[in-house]
Amino acid sequence: MVDVYAAARRIIEAGLAADDSAFTPGRPVWTAESADLLEKYFVQRPDAGTGSFTRKLRGQLDGVPATAIQLMAELIYLHLLLPRDLGGTVKRKVIGAALTLLPEPVRIPADLDAVLDHGRVKAGVAYLTQRDRQIAWLVRVLQAWKALPRDEQRHALDDPWKFREILDGVPINAAYSQRNLLLNLAFPGVFPDIASNKHKKLIVAAFTHRLTTPTGDVERDLVAIRDTLNAESPDQPVHFYHPPWADRWLPSAVAAATTGQRGWLVRSARVHGRNMLDDWLADGFCSIGFTERLDGEIAGSRAQIVEQLRQAAPDLTPMQRAIMAGVLDRFHNQMSEGDIVVAGDRRGLYIGEVTGPVTRVASTDDLSNLRRAVRWANPAVPADRDELSDAARSKLAGYLSVAGLGMHTAEFAALAGIGEGDDADGGSADLDGEDAADLADLAAELPEPTTALAERLFIDREWLAETVDLLREKKQIVLYGPPGTGKTYLAQELARFLTGEADNAYRLVQFHPSYAYEDFFEGYRPRPADDGNGVGFSLEPGPFKQLVEDARADPAQPYILIIDEINRANLAKVFGELYFLLEYRDRNIALQYSPGDDFDLPPNVYLIGTMNTADRSIALVDAAMRRRFYFQSLFPGEPPLVDMLRRWLDDQQLPADRADLLDELNRRIGDRDAAVGPSYLMTSRAATADGLARIWKTAILPLLEERHVGDGVDVRARYGLDVLWKALADGGTSAATLTAVEPPEPVEETGDAPQ
């Protein structure tokens, strides 16, 4: 597999070091002549319409020679290489739009094609919605590059600061994000993977005290800061979007992103089979088809709206009433002037700004009684959904008539060109959009495990790094293995580290056979009636919903829920419709008890489950569970536990024969699912003969007796402590070395080992 930076180096060496092509080696494509043609037909002939980039490209490249068209395709590839805002499917579609214009087919080489699924950077709104500007700048960079002598080109490809000097000699024209990502692609060891100029400035401002001699050059100072921090923590490479470094500068970006415009998707254009969207666009409004006649004005609060609906429309079911009240509340109370509105049909998306308060009209057939004035930005040409990031596009799913767009609002606004300005970073809308897009997935960036953490847990750091990487990718993992392997302890220690031990950022629940959706997520619970007589019921959030709401309010902080003994409950019953969200994290659903609101899982929510294989085999976990979680095994005698007990004994200055004893026991058991884990002996009691005998008598032998119920095995004769000591002695271990010693100092039994 070729990684992103290796792919970029192939493009750069083929196209900048020579006039070659990475798609069709040996064919001159990256030439000065092809760059000049793109300057003439693409850069100097912009399409100011609101159609998609790919639709415009067909017209702009009509009649252009094949080499210039292929150059455009390879520039688009370079442009799309780093972003993870878009999936590989969308990237291939955009690149393919150029390749299909060629007279003879050209395909992306298989290894370069595979890399498109593995973006690394949140590129930001401007990068996604102003693709023509980013690529126009690349064309001009290529023109400037090809005008340089060959020796100067080679020097710049070896010297990052000379390379930057050449790039900065080309007018930027709002392509700052492309500039920053091209620097990172060319020299990833020097320039960090940060698209936003504003973020670079915030980071330097937050860490400026770490600079010995500030230069005033943001990028040189940023490199110096990173090198200083890396020298202090060599086992944990600095990533400014990860804790603990993000905690120093990110709050400023959070504040910027959370104070911008709000946005709403209004889906009620089709009412009783009639499409109202053309009326909306022609007359400048949006509406909801509210046919129930309420007495007087709609009340201010949602609870009052519910009561009004109860009186005006008694035939509505409680669920119908809740849904309608939610729509009315969002349209009437929460939406305000200046907010973004998005509507669409199969033609595409129409985007505008709310310009007035709610008005009531007597519309034909009561199809649009409640209205808000809207200034539509693109009433003639709809925007293409494919121009959105995957996360923003997911907001278009669902069924509620009015739904919030959240922090993706800026992306929709930028898609229609709303709010563009001319500041130092290419427009205030661009900067706000970059902040919002970055924050949409910032908390998903979990820190790399440190050597100190690995040493404290007596586990190899490589295994911890793999486990955290699995959690980053899937957001849900299960640690599984037999008793005593430290699953719960390890889950808690990982959660503490990954959340930075922030207050209440990780929580633990334990599943059991009677656990249900109402216990886990939300349900009705008894309470004293309002009049003090009898009992009423109120909808109360469970631990998972509480954690989700806390995570939503704190997008820069990872939140982790540990589910102990996850396989002891009926998972389909406990998760209910949440099962869908565990697989499709970027979608919305309606909740069983709260149907009036769209619900999604924020990207900063993670689940770590533990599963005891001796209690219930992992083979019994259904396919739906397997698809939604990654599984990481913990078995005695296998990595990462193979040397855990020996490391702990050495750390506590205790004899290693306890580890020999456990190895012999598990050899006799002969079943990895029933093996005994090291945590039974990772306690100060195991240091003495009496303490060890007590552990064997009260913990280990009862576990094995339960396993052998009804099979005629004499557990004590097979697994007894004296029997194992003798076997070890007969195997070459001197019985005299199997001593009982006291630890050098007392060890807290509640905190010294996994349980």
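Refer to the structure printed above.
The structure reproduced in this document is the subject of the present report.

Quick notes on the rules
- Residues numbered from 1 in each chain as written.
- Predicted model: local features only at pLDDT ≥ 70, side-chain atom pairs only at ≥ 80, totals over all residues.
- Heavy atoms only, no water.
- Helix = DSSP H or I, 4+ residues; strand = E, 2+ residues; numbered from the N terminus.
- Buried < 20%, exposed > 50% of the residue type's maximum accessible area, 1.4 Å probe, protein only.
- Contact = heavy atoms within 4.5 Å.
- Areas by Shrake-Rupley, 256 points an atom, 1.4 Å probe, with all protein chains shown as cover.
- Pairing = 2+ DSSP bridges.
- Axes fitted to C-alpha atoms, helices over the stretch in contact; angles between N-to-C directions.
- Expected span 1.5 Å × (residues − 1).
- Core = buried A, V, L, I, M, F, W, Y, C linked by side-chain atoms within 4.5 Å.
- Parallel < 35°, antiparallel > 145°, perpendicular 65-115°, else oblique.
- Left-handed = near helix turned anticlockwise from the far one by under 90°.
- Nonpolar A, V, L, I, M, F, W, Y, C, P; charged D, E, K, R; others polar.
- Phe/Tyr/Trp six-rings, centres within 6.5 Å; stacked < 30°, edge-to-face > 60°.

Describing the overall build of the protein chain
Step number 1: When helices and strands are counted, the protein chain shows 33 helices and 17 strands.
Step number 2: Counting only residues that meet the buried cut, the protein chain has 54% of its 755 residues in that class.
Step number 3: Excluding contacts between residues fewer than 6 apart, the proportion of contacts in the protein chain whose partners are at least 24 apart in sequence is 68%.
Step number 4: Carbon and sulfur atoms make up 50% of the accessible area of the protein chain, which amounts to about 31,500 Å² in all.

Considerations on the sheet that holds strand β16 (residues 605-612)
In any sheet, the strands associate via hydrogen bonds between backbone groups, in a parallel or an antiparallel arrangement.
Step number 1: Strand order across the open sheet formed by five strands is β10-β13-β16-β9-β17, with parallel pairing between neighbours. Single-partner strands in this sheet number two, and they are β10 (506-510) and β17 (630-633). Strand-to-strand twist across the sheet, computed as the mean angle between neighbouring axes with direction ignored, equals 20°.
Step number 2: When strand β9 (residues 476-481) meets β17, the two strands line up parallel, connected through four bridges. When the bridges of β17 are listed, Leu479 appears paired with Gln632.
Step number 3: Across the face of the sheet, helix α22 (residues 461-474) comes into contact with β9, β16 and β17 while running at roughly 165° to β17.

Topic: unusual backbone geometry
As a rule of thumb, non-glycine residues mostly have phi less than zero, and peptide bonds are mostly trans rather than cis.
Step number 1: Pro639 connects to Pro640 through a cis peptide bond whose omega is 10°.
Step number 2: Looking at the element boundaries, Pro640 is found in the loop between β17 and α29 (644-651).
Step number 3: One non-glycine residue with positive phi stands out, namely Lys475, at about 75°.
Step number 4: With respect to the helices and strands, the residue Lys475 is situated in the loop between α22 and β9.
Step number 5: On the basis of relative accessibility, which here comes to 10%, the residue Lys475 falls in the buried class.
Step number 6: In the Ramachandran plot, Glu565 falls in the positive-phi region, its phi being about 55° despite a non-glycine side chain.
Step number 7: Tracing the backbone through its elements, the reader meets Glu565 in the loop between β13 (559-564) and α26 (571-575).
Step number 8: What makes Glu565 buried here is its relative accessible area of 17%.

A few points about α22
Step number 1: With 14 residues, α22 extends 20 Å from end C-alpha to end C-alpha; this agrees with the ideal 20 Å at 1.5 Å per step.
Step number 2: Looking at α22, one finds that the buried residues are Trp463, Leu464, Ala465, Thr467, Val468, Leu470, Leu471 and Arg472.
Step number 3: Buried residues belonging to α22 abut α21 (451-457), β9, α23 (487-498), β16 and β17.
Step number 4: A positive backbone phi angle near 75° is found at Lys475, which sits one or two residues after α22.

Observations regarding the sheet that holds strand β6 (residues 348-360)
Step number 1: Taken in spatial order, the six strands line up as β4-β7-β6-β5-β1-β8 in an open sheet, and their pairing is mixed. Each edge of the open sheet is held by one strand with a lone partner, namely β4 (285-288) and β8 (402-404). Neighbour-to-neighbour, the strand axes of the sheet open up by a mean angle of 40°, direction not taken into account.
Step number 2: In terms of strand pairing, strand β5 (residues 340-345) meets β6 through six bridges, oriented antiparallel. Its bridge partner lying in β6, Gly344 is registered against Leu349.

Regarding the pairing of β5
Step number 1: Burial runs high along β5: five of the six residues are buried.
Step number 2: Of the strand pairs in this sheet, strand β1 (residues 263-266) and β5 are connected by three bridges, and their pairing is parallel. Across the sheet, Gly263 pairs through a bridge with Ile340, a residue of β5.
Step number 3: The antiparallel pairing of β5 with β6 creates a hairpin that spans two residues between the two strands.

Notes on the environment of Arg525
Step number 1: Locating Arg525 in the fold gives a position in strand β11 (residues 522-528).
Step number 2: Take Arg525: its relative accessible area is 26%, and that puts it in the partly exposed class.
Step number 3: The spacing of Arg525 and Glu540 is 15 residues in sequence and 6.6 Å in space, taken between C-alpha atoms.
Step number 4: Apart from the residues lying within four places of it in its own chain, the contact partners of Arg525 are Glu518, Asp519, Gly536, Phe537, Ser538, Glu540, Pro541 and Gly542.

Here's the deal with the nonpolar core
Step number 1: If you look at the biggest cluster of nonpolar residues, it comprises 75 residues, and the most contacted ones within it are Ile76, Tyr77, Ile95 and Phe163.
Step number 2: For this core, the leading source of residues is helix α4 (residues 66-80), giving ten residues.
Step number 3: Setting aside anything within four residues of it in sequence, one finds Phe163 in contact with Leu16, Trp145, Ala156, Leu157, Leu182, Leu183, Ala186 and Phe187.
Step number 4: By size, the runner-up hydrophobic cluster in this structure holds 54 residues, among which are Ile477, Leu661, Ala674 and Trp725.

As for the packing of α4 against helix α8 (residues 131-146)
Step number 1: It is at 10 Å that the axes of α4 and α8 come closest, and there the two elements cross at 115°. Considering the angle they form, α4 stands roughly perpendicular to α8. In the packing of α4 onto α8, the handedness of the crossing is right-handed. In this structure, α4 uses Leu71, Met72, Leu75, Ile76, His79 and Leu80 to contact α8, whose residues at the interface are Arg131, Gln134, Ile135, Leu138, Val139 and Leu142.
Step number 2: Taken together, the residues of the contact of α4 with α8 sort by class into nine nonpolar, two polar and one charged.

Quick notes on the side chain of Lys200
Step number 1: Summarising the element assignment, Lys200 is placed in helix α12 (residues 197-207).
Step number 2: Beyond its immediate sequence surroundings of up to four residues, Lys200 is in contact with Arg179, Asn180, Ile194, Val218, Glu219 and Leu222.

Quick word on the packing of aromatic side chains
Step number 1: Overall, the coordinates contain 22 aromatic pairs when judged by the stated rule.
Step number 2: A ring pair is formed by Phe511 and Phe575, whose centres lie 6.3 Å apart and whose planes are at 65°; its orientation type is edge-to-face. Of this pair, Phe511 sits in the loop between β10 and α24 (517-520) while Phe575 sits in helix α26; the two residues are 64 residues apart in sequence, bridging distant segments of the chain.
Step number 3: Overall, the relative accessible area of 0% leaves Phe511 in the buried class.

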